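Listed here are the chains, written in short residue letters.
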Protein chains: 2
Amino acid sequence: MPHTEHAPIAPMLRRDTQSIMLDELRLDSGAIIAPVTVAYETWGRLDATRDNVVLVCHALTGDSHAADLETPDDPRAGWWNPLIGPGRAFDTDRFFVVCANVIGGCYGSSGPTSPHPEDGRPYGMRFPLVSIGDIVRAQRFLLERLGVLRLALVAGGSIGGLQALEWTVAFPDFVERAVILAAGARLSAQGIALNEIGRRAIFADPRWNGGDYPADRGPDDGLAIARMAAMLSYTSADDLAQRFGRSPASRPTSEPSLGGAFDVESYLQYQGLKLVRRFDANSYLLLTRAMDCYDLAEQHATDLEALRRVRAQVLTIGISSDWLFPKEQVRAIAEGILAAGGQALYREIDSRLGHDAFLKEWQHLETLLRPFVADHFVARGPP
Amino acid sequence: MPHTEHAPIAPMLRRDTQSIMLDELRLDSGAIIAPVTVAYETWGRLDATRDNVVLVCHALTGDSHAADLETPDDPRAGWWNPLIGPGRAFDTDRFFVVCANVIGGCYGSSGPTSPHPEDGRPYGMRFPLVSIGDIVRAQRFLLERLGVLRLALVAGGSIGGLQALEWTVAFPDFVERAVILAAGARLSAQGIALNEIGRRAIFADPRWNGGDYPADRGPDDGLAIARMAAMLSYTSADDLAQRFGRSPASRPTSEPSLGGAFDVESYLQYQGLKLVRRFDANSYLLLTRAMDCYDLAEQHATDLEALRRVRAQVLTIGISSDWLFPKEQVRAIAEGILAAGGQALYREIDSRLGHDAFLKEWQHLETLLRPFVADHFVARGPP
């Protein structure tokens with residue numbers, strides 16, 4: 001695979017991104033990051049009562065740009081663009097919506113591309129392993145800095161859904177409502193295996209070099225292969241069959257001795273190259289590991305004991321064709337909360353799009369989210 | 001990933017392997033390989049009437065060692081060991097069982113590790129793309145050389161099942177019975193995608209070098225990653241969950257900055273390293289491509305037209321948890337043959353082991369195969 005040269009990927013702060021700095025963050029592992037930057041974006045206005053805050057949590061390679069004010073009608077301009085804005089499910093005329101870049105990532109919050117305080121060079125793999133709990137704790141520090149002491153709602157899909165779940169368990173009194181999409185109590189062995197295949201591809205790339213590489217000469221081949229493997233788990237067999245089937249690619253494969261390429265191969269390669277241009281390989285390693293290691297029951301005896309802590313009203317949404325977080329695992333969260341005496345709903349999006357439906361099935365999402373989100377104000381009565 | 005040094009992998013002829021040489025083989029692509037070696041093993045004796053021949057077709061990285069006379073009770077000593085032998089489903093007291101190494105492979109039949117006639121150096125990627133049809137045609141030349149003009153039965157699973165299917169369509173008068181396990185009319189877009197991820201990992205390995213590498217210094221990292229990705233499709237999510245779950249590995253991961261490894265990761269790494277010690281990366285590229293490119297309908301207008309050619313009695317066997325060749329695709333072969341006026345059965349193995357059940361579920365296989373295979377003699381009456 002030819003190496004693609006591209007501009008340095010870090011920092012990738014967007015114009016509207018703001019950030020706070022913390023003196024330090026103590027991680028679940030015992031490691032300390034000091035100082036810590038948490039980058040974020042907001043939409044709407046914080047009420048005087050400060051009780052209209054929605055936190056949305058981004059997925060693995062996502063960023064804080066959940067919505068895009070300049071092109072509100074382009075679903076690709078912000079990852080939840082059709083759901084966030086005036087009059088939308090997350091109505092920015094009423095809510096103050098916050099999205100923070102995860103620590104360990106590469107979009108402005110502290111991560112492997114940040115300068116190490118000792119030598120000013122990028123942390124690389126010297127950046128400690130972060131957990132979903134650490135990511136959530138950094139978000140809480142951000143909210144407190146913004147003067148927010150309670151969330152009207154936290155929402156996220158995939159690893160963002162793990163964050164939403166962790167919020168309800170770690171800080172039960174901080175969260176009124178939560179939406180957990182396409183996420184379960186823990187990743188399956190198959191999910192860990194897929195992540196590991198991607199990591200092996202990064203490790204095997206000579207340009208990875210133990211995590212020590214220049215920003216513009218990272219392990220592009222390895223990261224692209226990792227992305228290709230991950231993309232499989234974001235789609236479904238049906239979706240790939242319908243979109244690509246066995247159609248030939250319009251361009252030849254890069255390895256002529258294997259003959260013409262299939263369209264699905266070109267698609268995956270394109271997705272791989274696209275990620276390489278916008279993401280850091282060490283961040284990819286750390287965040288997939290955070291995903292692997294998350295276990296709802298870890299600090300509690302069982303899932304049920306963990307879910308007994310939940311005070312929020314929780315909407316869980318499974319996707320019929322998701323095989324990364326199968327719908328049964330999503331449903332189990334709601335059932336667990338109910339069994340523990342809490343309030344939870346399970347809804348399902350019937351879609352062939354697989355895991356990524358939480359970023360694509362706008363009409364389904366709108367229909368499910370709007371009433372649940374709006375109930376915040378119903379419960380409060382007229383202002 | 002540390003490179004593992006190992007003995008040259010080619011030639012890997014077993015003691016009992018025999019071979020024939022053909023002056024040339026014209027391939028579906030129009031390319032010609034000359035000369036061509038076809039390596040094979042046999043069990044049992046060829047009857048004077050020469051009508052007791054069973055051809056078994058091996059899978060992607062398999063070889064001709066389907067049975068092992070020295071350790072008949074070790075299921076791992078030959079890939080169908082429990083099914084082949086005196087008194088077994090493929091009863092070598094009655095049948096003459098033949099298994100040929102596929103061309104394009106690395107177990108003695110012509111392939112990328114064979115010397116190129118022009119310079120005596122390994123073909124590498126100068127070896128032409130082979131098709132399932134080419135593989136089957138080489139098997140036919142072998143059988144004719146052995147004096148066999150008709151098969152009592154051909155059987156195979158996965159890419160071996162594609163071969164068995166191709167036999168029934170390409171040479172309908174040559175085949176009395178066929179067993180097609182865990183194979184369909186063509187590989188899905190998802191299956192092609194998985195193969196492509198593996199190939200990309202091989203291409204990206206600097207030691208691949210365009211396919212030109214010494215036998216003992218091939219692209220081990222890339223091939224191991226390819227195997228890891230493929231292994232996922234040979235198992236099921238349920239099987240991985242039951243066997244490994246989220247248990248920690250007994251040994252630490254090779255990348256300490258990511259903390260302890262999960263057992264499923266160690267398992268995949270082990271499977272990757274195991275393949276590297278016994279298989280050639282260029283063969284892997286060519287044979288996965290043969291698998292991708294197989295399309296029952298390619299030389300016929302439709303699947304039904306292709307299946308109209310079948311004269312054999314066909315037993316198709318699907319595996320309930322197979323997601324590489326889902327059971328519906330296996331069943332469709334039998335339904336197509338029946339719709340075209342032929343004789344076919346569909347049976348299902350209810351197993352959580354996934355695609356690889358055709359190499360593991362011995363009791364199920366025995367129960368399904370024995371009566372179908374034995375019918376050969378019933379149909380003929382007493383000798």
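Bear in mind the structure is a predicted one, so any value in this text is a computation, not a measurement. (Residues numbered from 1 in each chain as written. Chains lettered and ligands numbered in written order. Predicted model: local features only at pLDDT ≥ 70, side-chain atom pairs only at ≥ 80, totals over all residues.)

Focus on the overall build of chain A
Then step 1. A count of helical and extended segments in chain A gives 10 helices and 12 strands.
Then step 2. The C-alpha radius of gyration computed for chain A amounts to 20 Å, which stays within 12% of the reference 21 Å derived for 383 residues, consistent with globular compactness.
Then step 3. Expressed along its principal axes, the backbone C-alpha trace of chain A runs to roughly 70 × 50 × 45 Å.
Then step 4. Burial analysis of chain A (383 residues in total) assigns 60% to the buried set.
Then step 5. A separation threshold of at least 6 residues defines the contact pool for chain A, and within that pool the share at least 24 residues apart is 69%. (Helix = DSSP H or I, 4+ residues; strand = E, 2+ residues; numbered from the N terminus. Rg over C-alpha atoms; globule rule 2.2 N^0.38 Å. Buried ≥ 20, exposed ≤ 12 C-beta atoms within 10 Å, placed from the backbone. Contact = placed C-beta atoms within 7 Å.)

Quick notes on the environment of Asp303(A)
Residue and element names in this part refer to chain A.
Then step 1. Of note, aspartate 303 is situated in helix H8 (residues 303–307).
Then step 2. Counting along the chain gives 40 residues from aspartate 303 to aspartate 263, while the straight-line C-alpha distance between them is 42 Å.
Then step 3. Look past the residues within four positions of aspartate 303 in its chain and what remains in contact with it is Ala185, Leu296, Ala297 and Gly336.

A word on the pairing of strand E8 (residues 96–100) of chain A
It is a general feature of regular strands that their side chains alternate between the two faces of the sheet.
Residue and element names in this part refer to chain A.
Then step 1. Among the five residues of E8, five are classified as buried, and the element is accordingly described as predominantly covered.
Then step 2. The two faces of E8 match: Phe96, Val98 and Ala100 on one face and Val97 and Cys99 on the other face are all buried.
Then step 3. Both strand E4 (residues 36–43) and E8 contribute to a ladder of four bridges, which runs antiparallel. Bridge pairing links threonine 42 to valine 98 in E8.
Then step 4. Bridge analysis of strand E5 (residues 53–57) against E8 gives four bridges, and the strand direction is parallel. Its bridge partner being in E8, valine 53 is matched across the sheet by phenylalanine 96. (Pairing = 2+ DSSP bridges.)

Quick look at the relation of the copies chain B and chain A
Copies of the same chain, two in number, are related to each other by a rotation about an axis and a translation along it.
Then step 1. Rotating chain B by 180° about the axis while translating it 0.0 Å along that axis superimposes it on chain A, leaving an RMSD of 0.0 Å. As the rotation angle and translation indicate, the two copies are arranged about a two-fold axis.
Then step 2. Of all interface residues in chain B, 100% are interface residues in chain A too; the two copies therefore contact each other through one and the same surface. (Least-squares fit on C-alpha atoms with pLDDT ≥ 70 in both.)

Topic: the domain arrangement of chain A
All names here are of chain A.
Then step 1. According to the domain assignment, chain A consists of domain 1 (18–188 + 295–380) and domain 2 (191–289).
Then step 2. If you average the C-alpha positions of domain 1 and of domain 2, the two centres end up 26 Å apart.
Then step 3. Residue-level contacts link 24 residues of domain 1 with 22 residues of domain 2. (Domains from an automatic or database assignment.)

Side note on the nonpolar core
Then step 1. In this structure, Ala178(A), Val179(A), Ala178(B) and Val179(B) are the most contacted members of the largest nonpolar core, which totals 271 residues.
Then step 2. Excluding its chain neighbours within four sequence positions, the residues that come into contact with Ala178(A) are Leu153(A), Val154(A), Ala155(A), Ala164(A), Trp167(A), Thr168(A), Ala312(A) and Val314(A). (Core = buried A, V, L, I, M, F, W, Y, C linked by C-beta atoms within 7 Å.)

Looking at the packing of helix H3 (residues 189–204) of chain A against helix H6 (residues 263–276) of chain B
Then step 1. Across the interface, H3(A) lies against H6(B) with an axial gap of 9 Å and an inter-helix angle of 55°. By the angle class used here, H3(A) and H6(B) are oblique. H6(B) is crossed by H3(A), and the crossing has right-handed handedness. Along its contact with H3(A), which presents Ala189(A), Ile192(A), Ala193(A) and Glu196(A), the element H6(B) presents Val264(B), Glu265(B) and Leu268(B).
Then step 2. Residue composition of the contact of H3(A) with H6(B), by class: five nonpolar, no polar and two charged. (Axes fitted to C-alpha atoms, helices over the stretch in contact; angles between N-to-C directions. Parallel < 35°, antiparallel > 145°, perpendicular 65-115°, else oblique. Left-handed = near helix turned anticlockwise from the far one by under 90°. Nonpolar A, V, L, I, M, F, W, Y, C, P; charged D, E, K, R; others polar.)

Quick notes on the sheet that holds strand E9 (residues 153–157) of chain A
Residues and elements named next belong to chain A.
Then step 1. One open sheet accounts for eight strands, arranged E1-E4-E8-E5-E9-E10-E11-E12; its pairing is mixed. Each end of this open sheet is capped by a strand with a single partner; those strands are strand E1 (18–22) and strand E12 (343–349). Going from strand to strand, the sheet's axes swing by 20° on average, the running direction of each strand aside.
Then step 2. Against the sheet, helix H1 (residues 132–145) contacts E1, E4, E5 and E8, and its axis sits at roughly 65° relative to E4.
Then step 3. In the packing of helix H2 (residues 159–170) onto the sheet, the strands contacted are E5, E9, strand E10 (177–181) and strand E11 (313–319), and the crossing angle to E9 comes to about 150°.

Describing the sheet that holds strand E10 (residues 177–181) of chain B
Each strand in a sheet pairs with its neighbour through backbone hydrogen bonds, running either in the same direction (parallel) or in the opposite one (antiparallel).
Residues and elements named next belong to chain B.
Then step 1. Here we have eight strands laid out as an open sheet, ordered E1-E4-E8-E5-E9-E10-E11-E12, and mixed in their pairing. Looking at the sheet topology across the chains shown, the edges are occupied by strand E1 (18–22) and strand E12 (343–349). Sheet twist, expressed as the average angle between the axes of neighbouring strands with direction ignored, equals 20°.
Then step 2. Taken strand by strand, helix H1 (residues 132–145) contacts E1, strand E4 (36–43), strand E5 (53–57) and strand E8 (96–100), and its axis lies near 65° from that of E4.
Then step 3. Across the sheet, helix H9 (residues 327–339) touches E10, strand E11 (313–319) and E12, and the angle it forms with E11 is around 160°.

Brief notes about the packing of helix H4 (residues 220–234) of chain A against helix H3 (residues 189–204) of chain B
Then step 1. Following both chains from N to C, one finds H4(A) and H3(B) inclined at 165°, their axes separated by 10 Å at the closest point. On the basis of their axis angle, the class for H4(A) and H3(B) is roughly antiparallel. Where H4(A) crosses over H3(B), the two elements pack in a sense that is left-handed. Packed against H4(A), whose contacting residues are Asp221(A), Gly222(A), Ile225(A), Met228(A), Ala229(A) and Leu232(A), the element H3(B) presents Gln190(B), Ala193(B), Leu194(B), Ile197(B), Arg200(B), Ala201(B) and Ala204(B) at the interface.
Then step 2. Taken together, the residues of the contact of H4(A) with H3(B) break down into nine nonpolar, two polar and two charged.

With respect to the environment of Val97(B)
Residues and elements named next belong to chain B.
Then step 1. Take valine 97: it is sitting in strand E8.
Then step 2. Given 26 C-beta atoms within 10 Å, valine 97 falls into the buried group.
Then step 3. Considering only alpha carbons, one finds valine 97 and alanine 201, 104 residues apart in sequence, at a separation of 37 Å.
Then step 4. When sequence neighbours within four positions are dropped, the list of residues in contact with valine 97 reads Thr42, Trp43, Gly44, Val54, Val56, Ile84, Phe90 and Thr92.

Comments concerning the interface of chain B and chain A
Then step 1. Every contact between the two is made by 43 residues of chain B and, on the other side, 43 residues of chain A.
Then step 2. Counting residues per element, the ones that place at least two in the side of chain B that touches chain A are H3, helix H4 (220–234), helix H5 (237–243), H6 and helix H7 (281–293) of chain B.
Then step 3. Sort the elements by how many residues they give to the side of chain B that touches chain A and H3(B) lands first, with 11 residues.
Then step 4. Across the side of chain B that touches chain A, the residue classes tally to 26 nonpolar, six polar and 11 charged.

Here's the deal with helix H6 (residues 263–276) of chain A
Then step 1. Taking 1.5 Å of rise per residue, the 14 residues of H6(A) would be expected to cover 20 Å, and the 20 Å separating its terminal C-alpha atoms lies within 8% of that figure.
Then step 2. Inspection of H6(A) places Val264(A), Glu265(A), Ser266(A), Tyr267(A), Leu268(A), Gln269(A), Gly272(A), Leu275(A) and Val276(A) among the buried residues, and these make up the whole buried set.
Then step 3. The secondary structure elements touched by the buried residues of H6(A) are H4 and helix H5 (237–243) of chain A together with H3 of chain B. (Expected span 1.5 Å × (residues − 1).)

A short note on the environment of Gln139(A)
Residue and element names in this part refer to chain A.
Then step 1. Its place among the elements puts glutamine 139 in helix H1.
Then step 2. Exposure remark for glutamine 139: the 27 C-beta atoms within 10 Å place this residue in the buried category.
Then step 3. Here the alpha-carbon distance between glutamine 139 and alanine 183, two residues 44 residues apart in the chain, equals 19 Å.
Then step 4. Not counting chain neighbours up to four residues away, the residues in contact with glutamine 139 comprise Leu55 and Ala100.

A word on H1(B)
Residues and elements named next belong to chain B.
Then step 1. The end-to-end C-alpha distance of H1 is 20 Å, a good match for the 20 Å that 14 residues give at a rise of 1.5 Å each.
Then step 2. Where burial is concerned, most of H1 is hidden: 10 out of the 14 residues are buried.
Then step 3. Following H1 by one or two positions, glycine 147 has its phi on the positive side, about 85°.

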